[in-house]
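Breakdown of the fold
Listed here are the chains, written in short residue letters.
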Amino acid sequence: MRQSKLFGKTIKEAPKDELSVNATLLVRAGFIDKLMSGVYTYLPLGLRVLNKIKTIVREEMEAIDGQEILMPALTPKDNWEKTGRWTDPGKEVMFQFKGRSDKDFGLGWTHEEIVTPLVKKFVKSYKDLPVAVYQIQDKFRNEPRAKSGLLRGLEFCMKDLYSFHRDEADLNEYYEKSKQAYLNFFQRCGLDAKIVEASGGAFSKFSHEFQVFTEYGEDLVRYCPKEDFAQNVEICELKVGDKCPNCGAGILEGKAIEVGNIFPLKTKYSKAFDFKFKDESGNDQDVVMGCYGIGPSRVMGSVVEIHHDDKGIVWPESIAPFKVHLLTLKNSDKITEVAEKLYALLTKDGVEVLYDDRDESTGVKLNDCDLIGIPYRLIVSEKTLAADSVEFKKRSSDKAELIKVDEVIEKLKQKNI
RNA sequence: CGGGGUGUAGCGCAGUUGGCUAGCGCGCAGCGUUCGGGACGCUGAGGUCGCAGGUUCAAAUCCUGUCACCCCGACCA
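The rules behind each value
- Residues numbered from 1 in each chain as written.
- Chains lettered and ligands numbered in written order.
- Predicted model: local features only at pLDDT ≥ 70, side-chain atom pairs only at ≥ 80, totals over all residues.
- Near = placed C-beta within 6 Å.
- Helix = DSSP H or I, 4+ residues; strand = E, 2+ residues; numbered from the N terminus.
- Nonpolar A, V, L, I, M, F, W, Y, C, P; charged D, E, K, R; others polar.
- Buried ≥ 20, exposed ≤ 12 C-beta atoms within 10 Å, placed from the backbone.
- Pairing = 2+ DSSP bridges.
- Expected span 1.5 Å × (residues − 1).
- Arc of directions from axis to C-beta.
- Contact = placed C-beta atoms within 7 Å.
- Core = buried A, V, L, I, M, F, W, Y, C linked by C-beta atoms within 7 Å.
- Right-handed = clockwise from strand over helix to strand, strands pointing away.

In the vicinity of RNA strand B, 43 residues are found, and the nearest of them are Asp17, Ser37, Pro144, Thr362 and Gly363. Elements supplying a minimum of two residues to the surface near RNA strand B: β13 (252–266), α10 (362–372) and α11 (382–386). Top contributing element to the surface near RNA strand B by residue count: α10, with 8 residues. A class-by-class count of the residues in the surface near RNA strand B yields 13 nonpolar, 16 polar and 14 charged.

As structure tokens, this is what we get:
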């Protein structure tokens, strides 16, 4: 992608209506644009990041046999009345409105009420179980207060997986597999997520949250430093300084962002929708369910909260919008010729390159480069060409390495880029 | 929903005891010189001062209402 043609621009001054690090940097660097409080447009750079996160989610969901579907966001009142959630908490969290003929609609804020009757249509026998379906879709929640940029929005991207089982043992086995898939996912996105026990609601002792510890988090977690105990303060009966029930170490407390949540629903929704299957003996049994959520947009915001420096975003390679930022300092004929050649070669080789071909001053280009945060940069300038080379480095603060122009492709391959 | 703050050019702001043609920086357009850390000169375009009423000879400025945005709190399957 040529930066001169890229839709969206960097902004020198921080927007006054954003205070969070993630929103400030993402807006300044041209990744997102705010439409209103809690609702953002993804510009080309931001959408590339979001799509990479979605790709990783898909890979991890497929790894635990999740099959992707796409359910509507526009849903009828009927489904929600079956579980009572049209009123509680629907009146609070759901955007509800009337269509023609006074019919009531709501925008989906979770999809148990949609997925359960859907799967019921196709699952009749123990032979059809287990099965897991997921979707990646925008959810809508009428939050009391949107805040913190991508971390709490009214419309946000969510991956929701639902699993269906013949009994609790099978659910539990799958549930444990999902934990590992989740940990893999977060690790691949550059987040060190910890599993934290949280309220399980009426039908289960615990659900499990995936929390990323950071000062900017909204949740409070009490945990053991040896990592064999962690609970959300909402349910934690231990106090800071108490002994860990597993190892005796002192309990600590920290702020964290909840980036995922898995929940053993058991038969709560299958009962509400009278969803049963026939077992080997021909008897009807309740289907046992689990649900598993990840917020890709919140992951994106969290990554920025954690991976940035005073100059801008520092994307993990796995979800960066581009791998390589190629820039020219001062556009002379010779410099442009070399840069164009490299751009063509790298692109042809499948390397994702943002090529800053703009005729801007050195300071502007280097600062934009720091702000956007692409993992590797290649600089072509009079200085480098004097040595028949280009400069290779990561952040500004990192050591520069000169690579001969003819060897760039080969060297990048050696570095596994 | 309670408390606090802010709305003036695309962005960031000044101007508010009522008074001249509403200003500055950035950005944008043109020309020229620059360019390894947000360059410089000259020229130029760009405004319903959030919106609606009201007071007044006169309102960005005072009054009333309203909308939006930010922060804190309540809330968060």
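Within strand β16 (residues 288–294), 7 of the 7 residues are buried, which leaves it mostly tucked inside the rest of the structure. By the alternation rule, side chains of β16 split into Val288, Gly290, Tyr292 and Ile294 and Met289, Cys291 and Gly293, which are all buried. Bridge count for strand β8 (residues 155–165) against β16 is 7 bridges, and the pairing is antiparallel. Paired with Lys159 across the two strands is Ile294, which belongs to β16.

Working note: α-helix, 3.6 residues per turn, so residues spaced by three or four point in the same direction. Counted at 1.5 Å a residue, the expected span for helix α6 (residues 168–188) with its 21 residues is 30 Å, and the 30 Å between its end C-alpha atoms agrees. Buried residues of α6: Leu171, Tyr174, Ser178, Ala181, Tyr182, Phe185 and Phe186, and no others. On an axial view of α6, the arc spanned by its buried residues comes to 130°, and they lie on one face. Opposite the buried face of α6, by more than 90 degrees, sit the exposed residues Ala169, Glu173, Glu176 and Gln180. Backbone geometry just after α6 places Gly190 at a positive phi near 85°.

Turning to the environment of Ser125, a few remarks are in order. Of note, Ser125 is situated in the loop between α5 (112–122) and β7 (131–140). Counting along the chain gives 159 residues from Ser125 to Asp284, while the straight-line C-alpha distance between them is 9.1 Å. Apart from the residues within four sequence positions on either side, Ser125 is in contact with Phe277 and Lys278.

Let us look at the nonpolar core. Judged by nonpolar contacts, the single largest core of 96 residues is most densely connected at Ile53, Cys189, Val259, Leu326 and Leu378. At 7 residues, the largest contribution of residues to this core is made by helix α2 (residues 44–63). Sequence-distant contacts of Ile53, defined by excluding residues within four places in its chain, comprise Cys189, Pro296, Val299, Met300 and Ile319.

Cis rather than trans, the peptide bond between Asp88 and Pro89 has omega equal to 10°. Leu129 connects to Pro130 through a cis peptide bond whose omega is -5°. If you trace the backbone, Pro130 turns up in the loop between α5 and β7. Phi is positive for Ser101, which is not a glycine, with a value near 55°. When you line up the elements, Ser101 lands in the loop between β5 (96–98) and β6 (104–107).

Before going further, it helps to spend a moment on the pairing of strand β19 (residues 324–328). Buried residues dominate β19, accounting for 5 of its 5 residues. Viewed along the sheet, the connection from β19 through helix α9 (residues 333–348) into strand β20 (residues 353–356) turns out right-handed. Two strands pair when backbone bridges link them, and β19 and strand β21 (residues 376–380) are joined in this way by 5 bridges, in the parallel orientation. Bridging from a neighbouring strand, Val324 pairs with Tyr376 of β21.

Note that every value here comes from positions in space, so none of it alone points to a role or purpose.
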